[in-house]
Amino acid sequence: SNITEEDLLKMITKVSGDSSKGDDGLIEIRLNNSGRSFTDVIATQLTKHCKKLTTLDIKGCYKLSDEALTSFLINSCGSSLTNLDLSCNLRLGSLGLSVVG
């Protein structure tokens with residue numbers, strides 16, 4: 001992907017809802033093979049903006065760590081998430097995957 005972490009952060013901020021106005025923000029994210037841009041920083045920002053996320057497709061996002069994934073799923077959308085694709089994420093191990101189920 002040619003999208004940088006900074007570009008992705010700007011896009012997420014721009015399209016995310018305002019929770020103070022009752023807007024739940026993004027409900028679906030599909031970022032296949034966005035390894036360069038989907039980092040722990042992005043996962044942390046998504047925690048703030050995606051409380052009702054139902055679909056998270058981040059296969060090939062090789063910079064995502066167990067700690068960031070765990071924090072994201074526990075603090076953000078764990079109960080609303082129904083579709084998750086983490087394939088080809090080489091940094092993920094037993095800690096991150098244990099939260100998934």
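Computed from a prediction, not measured in an experiment: that's the story for all the values here.

What counts and what doesn't
Note that residues are indexed from 1 along each chain, following the sequence as it is written. pLDDT decides what is reported in this predicted model: residues at 70 or higher carry local features, side-chain atom pairs at 80 or more are listed and counted, and totals for whole chains, interfaces and linings draw on all residues regardless. Just so you know, side-chain values use all the structure's heavy atoms and leave hydrogens and water out. Secondary structure follows DSSP: runs of H or I at least 4 residues long count as helices, runs of E at least 2 residues long count as strands, and numbering of each begins at the N terminus. Exposed residues in this analysis have more than 50% of their type's maximum accessible area, buried residues have under 20%, and partly exposed residues fall in between, with area computed by a 1.4 Å probe over protein chains only. We call two residues in contact when some of their heavy atoms are within 4.5 Å. Using a 1.4 Å probe, accessible areas were evaluated by the Shrake-Rupley method; residue-level cover was limited to the displayed protein chains. Exposure above 30% relative accessible area and the lack of any salt bridge qualify a residue for a patch; like charges then connect within 9 Å, and the nonpolar side chains Val, Leu, Ile, Met, Phe, Trp and Tyr within 5 Å. By definition, a salt bridge exists where a carboxyl oxygen of Asp or Glu is found within 4 Å of a side-chain nitrogen of Lys or Arg. Following DSSP output, two strands are said to pair if at least two bridges run between them. Note on geometry: axes are C-alpha line fits, over the in-contact stretch for helices, and angles between N-to-C directions span 0 to 180 degrees. Orientation categories follow fixed angle ranges, with anything under 35 degrees roughly parallel, anything over 145 roughly antiparallel, 65 to 115 roughly perpendicular, and all other angles oblique. Residue classes follow a fixed rule: Ala, Val, Leu, Ile, Met, Phe, Trp, Tyr, Cys and Pro count as nonpolar, while Asp, Glu, Lys and Arg count as charged, and any other residue, Gly among them, counts as polar.

1. With respect to the overall build of the protein chain
Working step 1: When you go through the protein chain residue by residue, the secondary structure sums to 4 helices and 3 strands.
Working step 2: If you list the helices and strands of the protein chain from N to C, you get α-β-α-β-α-β-α.
Working step 3: The buried share among the 101 residues of the protein chain stands at 42%.
Working step 4: Taking contacts inside the protein chain between residues at least 6 apart in sequence as the whole, the part at least 24 apart equals 83%.
Working step 5: Of the roughly 5700 Å² of accessible surface on the protein chain, a fraction of 52% belongs to carbon and sulfur atoms.

2. Observations regarding a nonpolar patch on the surface
Working step 1: A grouping of Leu-84, Leu-97 and Val-100 is seen on the molecular surface, where their side chains present a nonpolar patch of about 220 Å² in accessible area.
Working step 2: Taking the relative accessible area as the measure of exposure, Leu-97 reaches 43% and is therefore partly exposed.

3. Re the sheet that holds strand β3 (residues 83-85)
Note on sheets: strands pair through backbone hydrogen bonds, and any given pair is parallel or antiparallel.
Working step 1: The 3 strands lie next to each other as β1-β2-β3, forming an open sheet whose pairing is parallel. Single-partner strands in this sheet number two, and they are β1 (28-30) and β3. Taking each pair of neighbouring strands and ignoring which way they run, the sheet shows an average axis angle of 10°.
Working step 2: Summarising the sheet, strand β2 (residues 55-57) and β3 pair through 3 bridges and their orientation is parallel. Across the sheet, Asp-57 pairs through a bridge with Asp-85, a residue of β3.

4. What to know about the pattern of salt bridges
Working step 1: Counting across every chain of the model gives 4 salt bridges.
Working step 2: With a closest N to O distance of 3.4 Å, Glu-6 and Lys-10 form a salt bridge. Of the two residues, Glu-6 and Lys-10 are both situated in helix α1 (residues 5-15); the distance of 4 residues between them amounts to about one turn of the helix. Lys-10 shares its class with Glu-6; the two are exposed.
Working step 3: One network of salt bridges, with partners in common, ties together Glu-28, Arg-30 and Asp-57.

5. Observations concerning unusual backbone geometry
Working step 1: For Cys-88, which is not a glycine, the phi torsion comes out positive at approximately 65°.
Working step 2: In this fold, Cys-88 is placed in the loop between β3 and α4 (94-100).
Working step 3: Judged by its relative accessible area of 60%, Cys-88 falls in the exposed class.

6. Comments concerning the packing of α1 against helix α2 (residues 40-49)
Working step 1: Contact geometry for α1 and α2: axes closest at 10 Å, N-to-C directions at 5°. Between α1 and α2, the angle is such that the two are roughly parallel. Residues Glu-5, Leu-8, Leu-9 and Ile-12 of α1 form the contact with α2, whose own contacting residues are Val-41, Ile-42, Gln-45, Leu-46 and His-49.
Working step 2: Partitioning the contact of α1 with α2 into residue classes produces 6 nonpolar, 2 polar and 1 charged.

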